[in-house]
Amino acid sequence: MISAYTGTQVREAEQPLLAAGLGDVLMQRAAHGLANAVITELRARGRRLYGSRVVVLAGKGNNGGDGLYAGAFLAARGMRTTAVLTGGAAHPAALAAFRRAGGRAEKLTEGAQDGLAAEAARADVVIDAILGTGATGGLRGDAAGLVEAVSRELAGADRGGFVVACDLPSGVEADTGNAAGPVLRADLTVTFGAAKAGLLADPGADYAGRVAVVPIGIEEHLPGPALRRLEPTDLGRILPHPARRAHKYSRGVLGIVAGSTQYPGAAVLACRGALAAGVGMVRYLGPPAVADLVRQACPEVVCSDRTVADNRVQAWLVGSGMGPGDHEQLARAADAIASGLPVVADAGALPALPSRLDPHVVLTPHAGELAALLTRLEGRDDARFGDRDAVEAATLDAARKAAALTGATVLLKGPATLVATPEGTVFSQADGTPWLATAGSGDVLAGVIGALLAQAGPGVGLSRSLGISGGGRWAALAALGASLHGLAGTAASDARSGGPVTAGAIADAIPQTWGKVSMLSNSGASKRNSHSQPLR
């Protein structure tokens, strides 16, 4: 599992080493890791080291010092290095080391901006080391103008080079991923000590590219993470598996209240997602015409038009494909939420939710739906997140706020899907492909999560496997569902040579994806339990 931290947490973890006089040691470790990451990337791209051109955009603080020291290491390997001092001044010791190694330093002025931007665009590597974890408010003045100019030059160039962010892209907030002002989009972010939460949430993740973590010796001083990301080996450890004497009822029964005469396919896709994710039985409640369609597509599903109270299930999924005029379905959804059982509340159920819920209710909005929910709860005059754009500009803040206001677990769908709880546990999953943005994909996801909730039972072993208990377990199960869904979508696209997929194809790929992550976990356990000699 990847653990990510706020900038404040990382800076506090550095304090014991700074107090011991090891500040320069930390900087040297960070810079060495950054330089090695640049070398590795150059080699992976088939580029030679000697003679390669490196431009360091260096701020006047410690982040700029990290970049300058890294530039000195690269200059010592025979690379042609230029530093653009965006604040006029620079970290004195790092700048001296950079110049001793043969680097050339240029102060940024308004008149020199275009020429320096063009030089950066022609370089093999651009290192963005302007702002670090303590910065807020984004780039300003000449530095902002330079980054805008470099971005334009890179967009218009036949790019052979790449951009590496030092700790995080300048202008991205370490705690939230919010981005202010212009941000230079990185191909690779080399971050120090631990991943920063803002690198795993949009829009920060849009600018970060791949993220590599360089240990610098502060790791033992870090507290509990601000954000977590499940990796494939984690999934296999928490996926439910039937016992030898299992039967369809012990494997979990999911009730689904979804679909309408206008959107009957949503019910079908939700049922397909649930069946693919291993639930023992699905009971569908809805209009007879929709039930007939469900029976044709999924003969395993038990359909009826009776009440929620008439059906014994372990969890409910409500809302997919429903609108404000579907009064009978909305009444069933309200009854399911009031049942005290775990519930996935999707799409059409969101506008009809009570004002206060519990963590075992998992809301699954996209950005537009979350904006509408927050506007309803806060009042339009006070709503910070009044529309889709506002949510997408601050996804982590929005998900946390929705969880705090509703008391529910909130899964905000997106390129980096976030799952937040009222108590502060947050997961971020980014396992999918842009092809997942297709009609019905969210219905399949809701079915997958509903199936996992139905199979979890009160004794789900997340505390032992992941160190997560309390309300956080519902978030972990929702994150598990989001990851399975994303991996299945990627697998379905890969089977089409990276081409588009349909929601049905995502559902079809879930069982095989499930099997693969289970094998990964078993393989990892075998390696951990083996007694082979270490590599030398």
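Computed from a predicted structure; not experimentally measured.

**As for the overall build of the protein chain**
Line of reasoning, step 1. A tally of helices and strands in the protein chain yields 18 helices and 19 strands.
Line of reasoning, step 2. For 536 residues, the compact-globule estimate of 2.2 N^0.38 gives 24 Å, and the C-alpha radius of gyration of the protein chain, at 25 Å, lies within 12% of that figure.
Line of reasoning, step 3. With the C-alpha coordinates of the protein chain rotated into their principal frame, the extents come out at 80 × 60 × 45 Å.
Line of reasoning, step 4. For the protein chain, the proportion of its 536 residues judged to be buried stands at 56%.
Line of reasoning, step 5. Taking the contacts inside the protein chain whose residues are at least 6 apart along the sequence as the reference set, 71% of them involve residues at least 24 apart.

**A word on the packing of helix α9 (residues 264-276) against helix α15 (residues 441-456)**
Each packed pair of helices is defined by two parameters, the angle between the axes and the distance between the axes.
Line of reasoning, step 1. The contact between α9 and α15 brings their axes to 7 Å, and the two run at 40°. Taken as axis vectors, α9 and α15 run oblique relative to one another. Note on packing geometry: the crossing formed by α9 with α15 is right-handed. Taking contact as the criterion, the partners of A266, L269, A270, G273 and A274 in α9 are, on α15, D443, V444, G447, V448 and A451.

**Here's the deal with the environment of F427**
Line of reasoning, step 1. One can find F427 in strand β19 (residues 426-429).
Line of reasoning, step 2. Between the C-alpha atoms of F427 and A35, which are 392 residues apart in sequence, the distance is 30 Å.
Line of reasoning, step 3. Leaving out residues up to four positions away in the same chain, F427 has contacts with M1, R228, L230, T417, L418, V419, I468, G472, A475, A476 and A479.

**Description of the nonpolar core**
Line of reasoning, step 1. Ranked by internal contacts, the top residues of the largest apolar core, which has 64 residues, are I256, Y284, V294 and L480.
Line of reasoning, step 2. With 11 residues, helix α17 (residues 472-494) is the single largest residue contributor to this core.
Line of reasoning, step 3. The residues contacting L480, other than those within four sequence positions of it, are L230, L235, I238, L239 and L452.
Line of reasoning, step 4. Counting residues in each nonpolar core, the second largest holds 46 residues, with A197, W316, V318 and L373 among its members.

**Observations concerning the packing of helix α3 (residues 62-76) against helix α4 (residues 92-100)**
Line of reasoning, step 1. Contact geometry for α3 and α4: axes closest at 8 Å, N-to-C directions at 20°. If you check the angle between α3 and α4, you find them roughly parallel. For the pair α3 and α4, the sense of crossing is left-handed. Of the residues in α4, those touching α3 at G65, L68, Y69, G71 and A72 are A93, A94, L95, A97 and F98.
Line of reasoning, step 2. Of the residues belonging to the contact of α3 with α4, the class tally is eight nonpolar, two polar and no charged.

**Focus: the pattern of salt bridges**
Line of reasoning, step 1. Summed over the entire model, instances satisfying the criterion amount to 15 salt bridges.
Line of reasoning, step 2. We note a salt bridge from D508 to R272, for which the minimum N-O separation is 2.6 Å. Taken as a pair, D508 in helix α18 (residues 503-529) and R272 in helix α9 lie far apart in primary sequence, 236 residues in all.
Line of reasoning, step 3. The class for D508 is exposed, based on a relative accessible area of 55%.
Line of reasoning, step 4. A relative accessible area of 26% means that R272 is categorised as partly exposed.
Line of reasoning, step 5. When the shortest N-O distance is used, the salt bridge between D292 and R295 registers 2.7 Å.

**Remarks on a positive patch on the surface**
Line of reasoning, step 1. A cluster of basic residues, R48, R53, R80 and R122, forms a positive patch at the surface.
Line of reasoning, step 2. Tracing the chain through its elements places R53 in strand β2 (residues 53-58).

**A short note on the pairing of strand β14 (residues 315-318)**
Line of reasoning, step 1. Neither face of β14 is open: one carries A315 and L317, the other W316 and V318, and all of them are buried.
Line of reasoning, step 2. The pairing of strand β11 (residues 253-257) with β14 spans four bridges and is parallel. Bridge assignment links L254 to a residue of β14, and that residue is A315.
Line of reasoning, step 3. Two elements, β14 and strand β15 (residues 343-345), share three bridges in a ladder whose sense is parallel. Residue pairing across strands places V318 opposite A345, the latter belonging to β15.
Line of reasoning, step 4. In this region the chain leaves β14, passes through helix α11 (residues 327-338) and returns to the parallel neighbour β15; the handedness of that crossover is right-handed.

**Remarks on the layout of surface pockets**
Line of reasoning, step 1. Of the volumes computed, that of the largest pocket is approximately 1200 Å³.
Line of reasoning, step 2. K413, G414, P415, A416 and T417 are, among the 48 residues lining the largest pocket, the residues nearest its centre.
Line of reasoning, step 3. Counting residues per element, the ones that place at least two in the lining of the largest pocket are α7 (204-208), β9 (210-214), α9, α12 (367-378), α13 (388-392), α15 and α17.
Line of reasoning, step 4. Considering only enclosed or pocket space, the second largest pocket measures out at about 610 Å³ in volume.

**Details of the side chain of D234**
Line of reasoning, step 1. If you trace the backbone, D234 turns up in helix α8 (residues 232-238).
Line of reasoning, step 2. Among the polar contacts made by the side chain of D234, one reaches the main-chain amide nitrogen of M1 at a distance of 2.9 Å.
Line of reasoning, step 3. Only 2.8 Å separates the side chain of D234 from the backbone nitrogen of E231, close enough to count as a polar contact.
Line of reasoning, step 4. Not counting residues up to four positions away in its chain, the partners in contact with D234 are M1, R229 and L466.

**Concerning the side chain of S428**
Line of reasoning, step 1. Mapped onto the secondary structure, S428 falls in strand β19.
Line of reasoning, step 2. Polar side-chain contacts of S428 include one of 2.8 Å to the side chain of R229.
Line of reasoning, step 3. For S428, the residues in contact, after removing those within four places along its chain, are L200, L227, R228, R229, A416, T417 and L418.

**Re the confidence of the model for the protein chain**
If pLDDT is low for a region, its predicted coordinates should not be looked at in detail.
Line of reasoning, step 1. Per-chain confidence: the protein chain averages 93 in pLDDT, with 94% of residues scoring 70 or above.
Line of reasoning, step 2. The low-confidence segment residues 525-536, where pLDDT is below 50, has one contact with residues more than four positions distant or belonging to other chains.

**A word on the sheet that holds β2**
Line of reasoning, step 1. Spatially, seven strands are ordered β4-β3-β2-β5-β6-β7-β9 in an open sheet, and the strand pairing comes out parallel. The sheet is open, and its two edges are formed by β4 (104-107) and β9, each paired on a single side. For this sheet, the mean angle separating the axes of adjacent strands, direction not counted, is 20°.
Line of reasoning, step 2. In this sheet, strand β6 (residues 162-166) lies alongside strand β5 (residues 125-129) in parallel orientation, the contact comprising four bridges. Each residue of the ladder has a partner; that of I127, found in β6, is V164.

Calculation criteria
Residues numbered from 1 in each chain as written. Predicted model: local features only at pLDDT ≥ 70, side-chain atom pairs only at ≥ 80, totals over all residues. Heavy atoms only, no water. Helix = DSSP H or I, 4+ residues; strand = E, 2+ residues; numbered from the N terminus. Rg over C-alpha atoms; globule rule 2.2 N^0.38 Å. Buried < 20%, exposed > 50% of the residue type's maximum accessible area, 1.4 Å probe, protein only. Contact = heavy atoms within 4.5 Å. Axes fitted to C-alpha atoms, helices over the stretch in contact; angles between N-to-C directions. Parallel < 35°, antiparallel > 145°, perpendicular 65-115°, else oblique. Left-handed = near helix turned anticlockwise from the far one by under 90°. Core = buried A, V, L, I, M, F, W, Y, C linked by side-chain atoms within 4.5 Å. Nonpolar A, V, L, I, M, F, W, Y, C, P; charged D, E, K, R; others polar. Salt bridge = Lys/Arg side-chain N within 4 Å of Asp/Glu carboxyl O. Patch = residues over 30% accessible without salt bridge, like charges linked within 9 Å, V, L, I, M, F, W, Y side chains within 5 Å. Areas by Shrake-Rupley, 256 points an atom, 1.4 Å probe, with all protein chains shown as cover. Lys, Arg positive; Asp, Glu negative; His and termini not counted. Charge placed at Lys NZ, Arg CZ, Asp CG, Glu CD. Pairing = 2+ DSSP bridges. Right-handed = clockwise from strand over helix to strand, strands pointing away. 1 Å grid on protein atoms, 1.4 Å probe; cavity = no way out; pocket = protein on both sides within 12 Å on 5 of 7 lines; lining within 4 Å. Points joined across faces, edges and corners; volume = space filled by probe spheres on them. Polar contact = N/O pair within 3.5 Å; in protein donor to acceptor, adjacent residues only side chain to side chain. pLDDT = per-residue confidence, 0-100.

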